[in-house]
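# Chains, contacts and geometry: an overview
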Amino acid sequence: MIETRLRIEPIQGCGALVKDVDLARLGDAEVGDLRQALFDHGLLVFREQSLTPEQHIALAERIAPIDVNRFFPAAPGYPVIAKVEKTAQQTTNIGGGWHTDHSYDAEPAMGSVLVARDLPPAGGDTLFADLYAAYDTLDAETKAEIAGLRAVHGSDHVFGEKGAYAQTDQPELAKGGVETPETVHPVVITHPGSGKSVLYVNPSFTLRFEGRTREESLPLLMKLYAHAIDQSRVSTLVWAPGTVAIWDNRCTWHFARNDYHGHYRLMHRITLAGCALEAA
Ligand SMILES: O=C(O)CCC(=O)C(=O)O
Ligand SMILES: [Fe+2]
């Protein structure tokens, strides 16, 4: 971890709170520090911001090029902002299972900048898990078992024409005709920004280990997943008006709680472009 000009307070379990900054008025040095803090902590939370959509876009572009998500509908008038929305009538939410965004891409998105726009009166928290800590705390035997393994990731079972969302009341997320080929990533990667080892499989998009069937892969995958979501390595983000979260998809997972039926929730997400991932 490097020296930083930002006032950073680690959050128990995963991430850090960054205090006393206005995300609309960051200096260049602060943007550099923010990127490094993001790589080190995996999740940065900012309170009491008032970003307009234009300022949201400008902030994201200062961190990394934007990677437009091909499944989510865009916010009206802002093609690069994904609308993460659940209406009072809908029962399915977006991201309501442990995952990391875009692991199905050959160059998975580096991260996301999520801005709370309209929150339910209670609930709708987002959980985050620290995958650096998950890797570090694996026993030596498991580390040896996964060393050198690669895993296959895909999105069709989630976003495809016959995928999970197609069966729900969020069917506009299911995109026929944009099926993605499966992609392979090392199970333990070297994080490109921090140089640390990270466990890089997730329950939503990882299908199996390369060279093994899903059935053969599941026992070890399940063991890794159960380890990753141990409460000691998970934090809960309780959103408030003005909260902004920036997370790194290579070293965290997240889970959007769906416990506010009958109420509206709207978040604006900008996805940040990443790179191909190297084995640790
Ligand atoms: O709505 C949330 O809190 C997060 C949803 C999600 O998974 C995402 O925006 O990537
Ligand atoms: Fe997500």
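Cut-offs used in this document
Residues numbered from 1 in each chain as written. Chains lettered and ligands numbered in written order. Predicted model: local features only at pLDDT ≥ 70, side-chain atom pairs only at ≥ 80, totals over all residues. Heavy atoms only, no water. Near = heavy atom within 4 Å. Polar contact = N/O pair within 3.5 Å; in protein donor to acceptor, adjacent residues only side chain to side chain. Areas by Shrake-Rupley, 256 points an atom, 1.4 Å probe, with all protein chains shown as cover. 1 Å grid on protein atoms, 1.4 Å probe; cavity = no way out; pocket = protein on both sides within 12 Å on 5 of 7 lines; lining within 4 Å. Sits in = over half its atoms within 2 Å of the grid points. Helix = DSSP H or I, 4+ residues; strand = E, 2+ residues; numbered from the N terminus. Nonpolar A, V, L, I, M, F, W, Y, C, P; charged D, E, K, R; others polar. Expected span 1.5 Å × (residues − 1). Buried < 20%, exposed > 50% of the residue type's maximum accessible area, 1.4 Å probe, protein only. Contact = heavy atoms within 4.5 Å. Pairing = 2+ DSSP bridges.

## Things to note about the site of ligand 1
- Residues in close proximity to ligand 1 total 13 residues, the closest being His99, Asp101, Thr126, Arg265 and Arg269.
- His99 has a polar side-chain atom sitting 3.0 Å from an oxygen atom of ligand 1.
- A distance of 3.1 Å is found between an oxygen atom of ligand 1 and a side-chain nitrogen or oxygen belonging to Asp101.
- Within the complex, the protein chains bury 100% of what would otherwise be the 290 Å² of accessible surface of ligand 1.
- With respect to the pocket detection grid, ligand 1 is positioned in the largest pocket.
- For the shell around ligand 1, the secondary-structure elements that each account for two or more residues are strand E15 (252–256) and strand E16 (265–272).
- For the shell around ligand 1, the residue count by class is six nonpolar, four polar and three charged.

## Notes on helix H1 (residues 28–41)
- A rise of 1.5 Å per residue sets the reference length of H1, with its 14 residues, at 20 Å; its end C-alpha atoms lie 20 Å apart and thus fit the reference within 8%.
- Burial in H1 covers these residues: Val31, Asp33, Leu34, Ala37, Leu38, Phe39, Asp40 and His41.
- Along its buried surface, H1 packs onto strand E1 (7–10), strand E2 (16–19), strand E3 (43–46), helix H2 (53–63), helix H3 (131–136) and strand E14 (244–248).
- At the exit of H1 stands Gly42, carrying a positive phi of roughly 85°.

## Things to note about the environment of Tyr135
- As for its position among the elements, Tyr135 is in helix H3.
- Along the backbone, Tyr135 and Cys251 are 116 residues apart, and their C-alpha atoms lie at a distance of 9.8 Å.
- Excluding residues that lie within four positions of it along the chain, Tyr135 makes contacts with Lys143, Ile146, Val188, Ser197, Val198 and Leu199.

## Topic: the pairing of strand E5 (residues 78–86)
- Of the pairings in the sheet, the one linking strand E4 (residues 74–75) to E5 comprises two bridges and is antiparallel in character. Residue Ala74 lies in a different strand from E5, and its bridge partner there is Ala82.
- Connecting the antiparallel pair E4 and E5 is a turn made up of two residues, with Gly77 showing a positive phi of about 85°.
- As paired elements, E5 and E16 share five bridges and run antiparallel to each other. Opposite Glu85, over in E16, you have Leu266 as the bridge partner.

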